[in-house]
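If you want the building blocks of each chain, they are given just below.
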Amino acid sequence: MIYRMVSNSEILTKFGDLNMKEEKENIFTIFDDILQREEKEELLNQKSKVIWMTGLSGSGKTTVAKGVERYLHSQGILNQLLDGDNIRVGISNNLSFSSDDRAENIRRIAEVSKLFLNCGVVTLNCFVSPTIEIRKIAENIIGAENFIEVYINASVETCENRDIKGLYKKARKGEIKDFTGISAPFEAPQNPKIEINTSELSIDESVQKVLDYILPIIKNK
């Protein structure tokens, strides 16, 4: 690549254009001036996608995603895992579990995922995201062509029997309000790209099912 020296007058003209735009709008984007997603995908030798795992608490979303994460890493595929714990203590630590705050939480997650997507990174998202509408918010932000919905399917009974964090027990006592599956509804995806019943499949089998679907998509030919 050859860089051309520019004169002071060219620099001043450029800054003058920016100042005029700033005065008019106060916001100006630089999306056309920065490296594009395709260039970063070429550098990483991979295709970025957002793998969105939805299901009840305790269904196995994060467990499956961790297996996928480790395998992708072993194959040199750069990826980032996001789940409720690392989001709720960070960018969404000011949100409750009300329906409005759940929607805002998903909006923030989707916007963060889009940033990773545009950096060429495969993003593994593990969120209850309990309604069709709320997942549609995420899909619209990320883009349907980049959004791979995975339904981690396990019954309330199965999840309650696991209850590793003791959340179902607290929800049954009324200590947790609006808990999905107990005091708040969960709407199963209508047409997920992948459905995994973790009541029937082992962790390894579940991980493999995800990999079988996504590897042909995210690997550069």
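Analysis parameters
Residues numbered from 1 in each chain as written. Predicted model: local features only at pLDDT ≥ 70, side-chain atom pairs only at ≥ 80, totals over all residues. Heavy atoms only, no water. Salt bridge = Lys/Arg side-chain N within 4 Å of Asp/Glu carboxyl O. Helix = DSSP H or I, 4+ residues; strand = E, 2+ residues; numbered from the N terminus. Buried < 20%, exposed > 50% of the residue type's maximum accessible area, 1.4 Å probe, protein only. Core = buried A, V, L, I, M, F, W, Y, C linked by side-chain atoms within 4.5 Å. Contact = heavy atoms within 4.5 Å. Phe/Tyr/Trp six-rings, centres within 6.5 Å; stacked < 30°, edge-to-face > 60°. Pairing = 2+ DSSP bridges. Axes fitted to C-alpha atoms, helices over the stretch in contact; angles between N-to-C directions.

**Some remarks on the pattern of salt bridges**
1) Next: For the coordinates displayed, the defined rule picks out seven salt bridges.
2) Next: Between Lys-165 and Asp-85 there is a salt bridge whose closest N-O contact spans 3.3 Å. Of this pair, Lys-165 sits in the loop between helix 7 (156-162) and helix 8 (167-172) while Asp-85 sits in helix 4 (residues 84-88), and the two are 80 residues apart along the sequence.
3) Next: The exposed category is assigned to Lys-165, whose relative accessible area is 55%.
4) Next: Where Glu-104 meets Arg-108, a salt bridge forms, and the shortest distance between an N and an O atom there is 2.8 Å. Here the residue Glu-104 and the residue Arg-108 both occupy positions in helix 5 (residues 99-118), the gap between them amounting to four residues, near one helical turn.
5) Next: One network of salt bridges, in which partners are shared, links Glu-104, Arg-107 and Arg-108.

**Structural notes on the nonpolar core**
1) Next: In terms of nonpolar packing, the biggest core is built from 22 residues, with Ile-51, Met-53, Val-68, Leu-72, Val-150, Val-210 and Ile-214 touching the most fellow members.
2) Next: Where this core is concerned, the elements lending two or more residues are strand 1 (50-54), helix 3 (61-74), strand 3 (122-126), strand 4 (147-153), strand 5 (194-197) and helix 9 (203-218).
3) Next: The element contributing the most residues to this core is helix 9, with six residues.
4) Next: When sequence neighbours within four positions are dropped, the list of residues in contact with Val-68 reads Leu-124, Val-207, Val-210, Leu-211 and Ile-214.
5) Next: With 14 residues, the next largest nonpolar core counts Ala-110, Leu-117, Ala-138 and Phe-147 among its residues.

**Thoughts on the packing of aromatic side chains**
1) Next: The final tally for this structure, using the stated rule, is four aromatic pairs.
2) Next: Taking 5.8 Å as the distance between ring centres and 40° as the angle between the ring planes, the aromatic pair formed by Trp-52 and Phe-127 counts as tilted. Highlighted residues: Trp-52 in strand 1 and Phe-127 in the loop between strand 3 and helix 6 (132-142), separated in sequence by 75 residues.
3) Next: A relative accessible area of 0% means that Trp-52 is categorised as buried.

**What about the sheet that holds strand 4?**
1) Next: Across the sheet, five strands lie side by side as 2-3-1-4-5; this open sheet has parallel pairing. Strand pairing shows two members of the sheet lacking a second neighbour, strand 2 (79-83) and strand 5, which therefore form its edges. Here the average twist between neighbouring strands, direction ignored, is 20°.
2) Next: One ladder, built from five bridges, connects strand 2 with strand 3; its direction is parallel. Its bridge partner lying in strand 3, Asp-83 is registered against Cys-126.
3) Next: Against the sheet, helix 5 engages strand 1, strand 2 and strand 3, with an angle of about 160° to strand 3.

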